[in-house]
Each structure stands twice: as C-alpha cells, then as structure tokens.
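Residue-level listing of the chains:
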Amino acid sequence: SPINLSSPYPDKETKLILINQTKLRKKHLERWLRKERQLVWKPLMKKIQQQEIILQQQQEEELSNDENENKSSNNNPTTILQQWMYNPQHITNPYPTKEEKNELCKATGFTM
C-alpha cells in the first residue's frame, strides 16, 4: 500500500498480523519482505526519484523559459507598441506626439 512505500519495514505488531493473515512462519515472512524490498521497493524508489529529478528539471526549465519570454516580450517591439497603445491615457487619443514617437523609436529600435 502507499503507506508502506515510505516505510517498508513493518513493526513487530504488523508482522504478527501478517503472519496470522498469511499463515507464514516469521522467518519466511521476513525473507519475503526482504526480497520484496530488494526486487520491488528499491527499484520503484529509484524510478520515483529519477522521475522527481526529471520533473524538477522540467519545472526549472519552464521557469527559465518563462523568465526569458518575459524579458524578450518586454523588449519585443510589438509588446512595447501595444503597451503604449492600450495605456488608458492613449485610448482616447491614439496618436503619439513627436516626443512620444522618438521615445517609441528608441524603445523598439524603429526609425522614422
């Protein structure tokens, strides 16, 4: 069960319950548990750890990509012009002054 994944070593009381349920001798139960830990639990834990590492790397990569996109999108000429155009003070008058045109050209790299 998922509870046993984090701690695959049953205590004495749990072992007694398992012995009664399975009708195995204590020695056989302990051997079975040991083999299960070696053959199932350890490889499963290794696989889970590898998946966690991959997931963490993907998340870090996504964060890095998001940061790069934010940096590049803020410097993107289209984004700069859209930010100017949809600024509340420009909605009623969408025509930049000569000074604003010069500022927009500097920010976007465009020329007049």
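Residues numbered from 1 in each chain as written. Predicted model: local features only at pLDDT ≥ 70, side-chain atom pairs only at ≥ 80, totals over all residues. Heavy atoms only, no water.

Asker: Mind laying out the overall build of the chain, listing which residues take part and the relevant values?
Answerer: The helix and strand inventory of the chain stands at six helices and zero strands. Residues counted as buried form 12% of the 112 residues belonging to the chain. Surface summary for the chain: the accessible area is close to 9,800 Å², and the carbon and sulfur share equals 53%. (Helix = DSSP H or I, 4+ residues; strand = E, 2+ residues; numbered from the N terminus. Buried < 20%, exposed > 50% of the residue type's maximum accessible area, 1.4 Å probe, protein only. Areas by Shrake-Rupley, 256 points an atom, 1.4 Å probe, with all protein chains shown as cover.)

Asker: Pulling in residues and values, what's your account of the side chain of Thr 108?
Answerer: Mapped onto the secondary structure, Thr 108 falls in helix α6 (residues 98-108). Engagement of the side chain of Thr 108 in a polar contact is seen with the backbone nitrogen of Phe 110, the distance being 3.3 Å. Those residues in contact with Thr 108, other than ones at most four positions away along the chain, are Pro 77, Ile 80 and Leu 81. (Polar contact = N/O pair within 3.5 Å; in protein donor to acceptor, adjacent residues only side chain to side chain. Contact = heavy atoms within 4.5 Å.)

Asker: Can you tell me about α6, naming the residues and giving the values?
Answerer: Given 3.6 residues per turn, any residue in an α-helix points the same way as the ones three and four places further on. Considered for burial, the residues of α6 that qualify are Leu 104, Cys 105 and Thr 108. Angular distribution of buried residues about the axis of α6 spans 100 degrees; they occupy a single face of the element. Exposed side of α6, more than 90 degrees from the buried face: Glu 99 and Lys 106 are the residues found there. The inward-facing, buried residues of α6 contact α4 (77-85). (Arc of directions from axis to C-beta.)

Asker: Give me the lowdown on unusual backbone geometry, citing residues and values where you can.
Answerer: We note that Lys 23 has phi near 65 degrees; this positive angle belongs to a residue other than glycine. Looking at the element boundaries, Lys 23 is found in the loop between α2 (12-22) and α3 (26-75).

Asker: Kindly report on the packing of α4 against α6, identifying the contributing residues and their values.
Answerer: The packing of two helices is summarised by the inter-axis angle and the distance between the axes. Where α4 contacts α6, the axes come no closer than 9 Å and their chain directions differ by 150 degrees. The orientation of α4 with respect to α6, classified from their angle, is roughly antiparallel. Our pair here, α4 against α6, has a crossing hand that is right-handed. Contacts between α4 and α6 involve Pro 77, Ile 80, Leu 81 and Trp 84 on the former and, on the latter, Glu 100, Leu 104, Ala 107 and Thr 108. Taken together, the residues that form the contact of α4 with α6 break down as six nonpolar, one polar and one charged. (Axes fitted to C-alpha atoms, helices over the stretch in contact; angles between N-to-C directions. Parallel < 35°, antiparallel > 145°, perpendicular 65-115°, else oblique. Left-handed = near helix turned anticlockwise from the far one by under 90°. Nonpolar A, V, L, I, M, F, W, Y, C, P; charged D, E, K, R; others polar.)

On their own, these measurements won't tell you what the molecule is for.
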